[in-house]
Amino acid sequence: MILKAPFSGKFILLFTLVLVFITITVARANNGHELWLSKASPTSVEIVCKRKSPILSNAIKELQDGWQGKKGAKLVLAVTDDKTLKGDGFRLEKEGIYSRTEAGILYGAFELLRRQSLNLSDNRFVSNPSYELRVLNHWDNLNGSIERGYAGRSIFWRGEKDLNVSSKDLELWQQYARANASIGINGSVLNNVNSSPRMLAPENLKRVKAIADALRPYGVRTYLSVNFSSPAALGGLKTSDPLDQEVIKWWKNKASEIYKLVPDFGGFLVKANSEGQPGPQDFGRTHAEGANMLADILKPFNGIVMWRAFVYSSTDKDRARQAYSEFKPLDGQFRDNVIIQVKNGPIDFQPREPFSPLFGALKKTSVMPEFQVTQEYLGHSNHLVFLSTMWEECLKSDTYQEGKGSTVARCTDGSIFNQKHTAVAGVANIGLDSNWTGHHFAQANWYAFGRLAWDNTLGSEKIANEWIRLTFKPAKSAVNWENGFIEPIRKMMLESREAAVNYSMPLGLHHIFSANHHYGPGPWWAPANVRVDWTPPYYHQAESNGIGFDRTKSGSNSVGQYAEPLASQLNDIKSCPEIYLLWFHHVPWDYKMKSGRTLWDELCNKYDIGVNQVREFQKVWDKAEQFVDTERFAHVQSRLKVQTRDAQVWKDGCLLYFQQFSKRRIPYELERPVYELDFLKSVNPMQLTGKPSGEEWMK
Ligand code: BDP
């Protein structure tokens, strides 16, 4: 076909414009898969390293691929026996990186590269990890679904019919391990704490070996969650009683089988006698007897047992007291390769909880904190919530167990108690989504967990600052990057967790979710066939005289599980911090708050502030458009719309519901509700506001 000249000219112009547009868009597209590790083109560096090993090869490769320092610099990597270094700690010198472990050298390499990217000048120092074991817990099921996972399906499992290891699997596992190594994470539990006995079947263990082989060159050790009744359920024995000789033999054989496949296998994570999982109590044995049986079997292999303290029965009158009541009497009875894994708060990963009273109370037992990186109770992967501030709050809380300054951090990292092992766990938010975590900003939570596990004294501001700079590299031409982007985004991240508390559960409210998806509000939710301690009215106790759970000495006395002077401080309504008020006290609606407002007015204000904070985040993000690639910009912008709608739903649902008891007006100066209570009660909040998340939980 012959085109007429004018048309062809226009056509060519149009075609060129489209091409240019596509090129720019593609160049500006970023699916987030590189996390905080995107690279600038490196300058040359000469690495001298006498030893050879896969981990050291990776350290060398990282330095060569990412070097931003002096061109042609020479750097020595060496394993030393420098006693000032602890565990995987490292020393950065002008001329080299030194550590007592190979993994330590890899961590040193990543730290050096990070500092180069951040243009930090002082690159000579020693860095020792706070915890020996820095472990992610994946709640991944063998069928590929993830319990409380909101970023797609499992990166490890896709069903027992498909156990073949593909080259894509290997590539992904390697990327995952590298990302972990870059922030010092050195362990990974590959499956759900609600573990299928099938986990230990030979065909599944073969895949565990393949995963372990992929993670090892990055210093990441592999662990498994085990089902306590595996000997009976998988092995066909009559019992799984931990004191039964056949049972012990079964576990011994299983351990040998595992260690043949994975010689550096880390050990077992166990959820026992909790939420219907089997455990030693089924056979009249204690948690200590159960844990010790496994610990004795793993000991010759240097394996450990992470035994969870997340236990509660449906009959106790205060769920918050139970982990302490069960575990405190067992202090001193556990083997030295058992670590009791304790959730940060006494209930369950709520937007805000006081720290668990077990921290510092177990004095002769190793204890490790468990944080939740996946946002089960904080808007799944729909909400922008930077969790570092929450973990920092917990780590810096003073337990007073060994006098003033006995923070949760110091009670768990070996500074106060002589623990044989120190560890910290994070429930992973990672799935097959191309950006790994569902929400681009949820990557920051993975990052923050690693950084705090390495150094539990780090501040969230520093962590946010690092993450933003590494993750959103500015175009060279970007003007006003510091004040126009870094500063407002950092502020938004640092405020985001408090915003989530404000719009969902302010002033110490907790667990007032609708149904088991743990997404939207449901203070009214109490079906007759559901355990009462799984229903919100159990937690908020709202009635015409007031609201809140009385955990004072005259109530359930959970305050009594804390050390003095904290116990008395929490017990007295006047000195109890208002952020925990309704956690510890049942408070009259007209109670005068520090602000001078009544409790009811304060509650209304908090919800309103929360909604406004998210609306402000929308503005902050929109203004950031010029600094961010189109793909991530659009994604986050859309998620913020969902979060804003959700915040409104939370505010309206909670205030209209509680108003039935308070019988007071929402202060006139505040924005009015936009939803009817009956409507909110009748819909699934996950479907109401748009973006589905956690598909597995919707089914
Ligand atoms: C709760 C989750 C549940 C987990 C449980 C646990 O709702 O899915 O199995 O914790 O930690 O937060 O064992």
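A.B. asks: Can you explain the overall build of the chain? Please cite residues and give values.
C.D. replies: Across its full length, the chain carries 22 helices and 15 strands. Taking 699 residues into account, the globule formula puts the C-alpha radius of gyration at 27 Å, and the chain, at 26 Å, falls close to it. Viewed in the frame of its principal axes, the chain has a C-alpha envelope of about 80 × 70 × 55 Å. By residue count, 59% of the 699 residues in the chain fall in the buried class. Accessible surface for the chain amounts to roughly 27700 Å². Of this, 53% is attributable to carbon and sulfur atoms. Computed over 85 positive and 75 negative side-chain charges, the separation of the two mean positions in the chain equals 4 Å.

A.B. asks: Can you explain the pairing of strand β13 (residues 423–427)? Please cite residues and give values.
C.D. replies: The element β13 is extensively covered by neighbouring structure, given that five of its five residues are classed as buried. Where burial is concerned, the two faces of β13 agree: the one with Ala-423, Ala-425 and Val-427 and the one with Val-424 and Gly-426 are both buried. One ladder, built from five bridges, connects strand β6 (residues 133–137) with β13; its direction is parallel. Bridge assignment links Leu-136 to a residue of β13, and that residue is Gly-426. Pairing of strand β12 (residues 366–372) with β13, which is carried by three bridges, proceeds in the parallel orientation. Bridge pairing in β13 places Phe-371 opposite Gly-426.

A.B. asks: Can you break down the site of the ligand residue by residue, with the values?
C.D. replies: Neighbouring residues of the ligand: 14 residues in total, closest Glu-147, Lys-271, Arg-308, Asp-348 and Glu-376. Measuring from an oxygen atom of the ligand, one finds a side-chain N or O atom of Arg-308 at 2.6 Å. At 2.5 Å from an oxygen atom of the ligand is found a side-chain nitrogen or oxygen belonging to Glu-376. Burial of the ligand by the protein chains amounts to 96% of its free accessible area of 320 Å².

A.B. asks: Pulling in residues and values, what's your account of the sheet that holds strand β1 (residues 45–48)?
C.D. replies: Strands sit in the order β1-β2-β4-β3-β5 across an open sheet of five strands; the sheet is mixed. The open sheet has two edge strands, β1 and β5 (125–127), and neither has a second partner. Here the average twist between neighbouring strands, direction ignored, is 15 degrees. Strand direction decides the pairing type here: strand β3 (residues 90–92) and strand β4 (residues 96–99), joined by three bridges, are antiparallel. By the bridge assignment for β4, Leu-92 is matched with Ile-97. Sheet strands touched by helix α3 (residues 102–117): β2 (73–79), β3, β4 and β5. Its angle to β3, the strand with the most contacts, is close to 40 degrees.

A.B. asks: I'd like a rundown of the environment of Asp-572, residues and numbers included.
C.D. replies: Relative to the elements of secondary structure, Asp-572 occurs in the loop between α16 (566–571) and α17 (581–584). In this structure Asp-572 comes out as partly exposed when scored by relative accessible area, which is 36%. In this structure, the C-alpha to C-alpha distance between Asp-572 and Leu-120, residues 452 residues apart in sequence, is 47 Å.

A.B. asks: I'd like a rundown of the nonpolar core, residues and numbers included.
C.D. replies: In globular proteins that are soluble, nonpolar side chains generally tend to be buried together. Grouped together as the largest cluster of nonpolar side chains are 207 residues, with contacts concentrated most on Trp-307, Trp-446, Trp-621 and Phe-658. In terms of residue count, helix α19 (residues 630–662) provides more of this core than any other element does, eleven residues in total.

A.B. asks: Go over the pairing of strand β8 (residues 221–226), please, and point to the residues and values.
C.D. replies: Regular strands have side chains that alternate between both faces of the sheet. A large share of β8 lies buried, amounting to five of its six residues. In this sheet, β8 lies alongside strand β7 (residues 187–189) in parallel orientation, the contact comprising three bridges. Note on β8: the bridge partner recorded for Gly-187 is Arg-221. As a crossover connection, the stretch from β7 through helix α5 (residues 202–215) into β8 is right-handed.

A.B. asks: Run through helix α13 (residues 460–471), naming residues and quoting values.
C.D. replies: End to end, α13 covers 16 Å across twelve residues, agreeing with the expected 16 Å (1.5 Å per residue, within 8%). Those residues of α13 not exposed but buried are Ser-460, Ile-463, Ala-464, Glu-466, Trp-467, Ile-468, Leu-470 and Thr-471. Taken together, the buried residues of α13 touch α3, α10 (388–395), α12 (443–454), α14 (481–504) and α19.

How each quantity is defined
- Residues numbered from 1 in each chain as written.
- Predicted model: local features only at pLDDT ≥ 70, side-chain atom pairs only at ≥ 80, totals over all residues.
- Heavy atoms only, no water.
- Helix = DSSP H or I, 4+ residues; strand = E, 2+ residues; numbered from the N terminus.
- Rg over C-alpha atoms; globule rule 2.2 N^0.38 Å.
- Buried < 20%, exposed > 50% of the residue type's maximum accessible area, 1.4 Å probe, protein only.
- Areas by Shrake-Rupley, 256 points an atom, 1.4 Å probe, with all protein chains shown as cover.
- Lys, Arg positive; Asp, Glu negative; His and termini not counted.
- Charge placed at Lys NZ, Arg CZ, Asp CG, Glu CD.
- Pairing = 2+ DSSP bridges.
- Near = heavy atom within 4 Å.
- Polar contact = N/O pair within 3.5 Å; in protein donor to acceptor, adjacent residues only side chain to side chain.
- Axes fitted to C-alpha atoms, helices over the stretch in contact; angles between N-to-C directions.
- Contact = heavy atoms within 4.5 Å.
- Core = buried A, V, L, I, M, F, W, Y, C linked by side-chain atoms within 4.5 Å.
- Right-handed = clockwise from strand over helix to strand, strands pointing away.
- Expected span 1.5 Å × (residues − 1).

Fair warning: the whole summary comes from geometry, so function is off the table for now.
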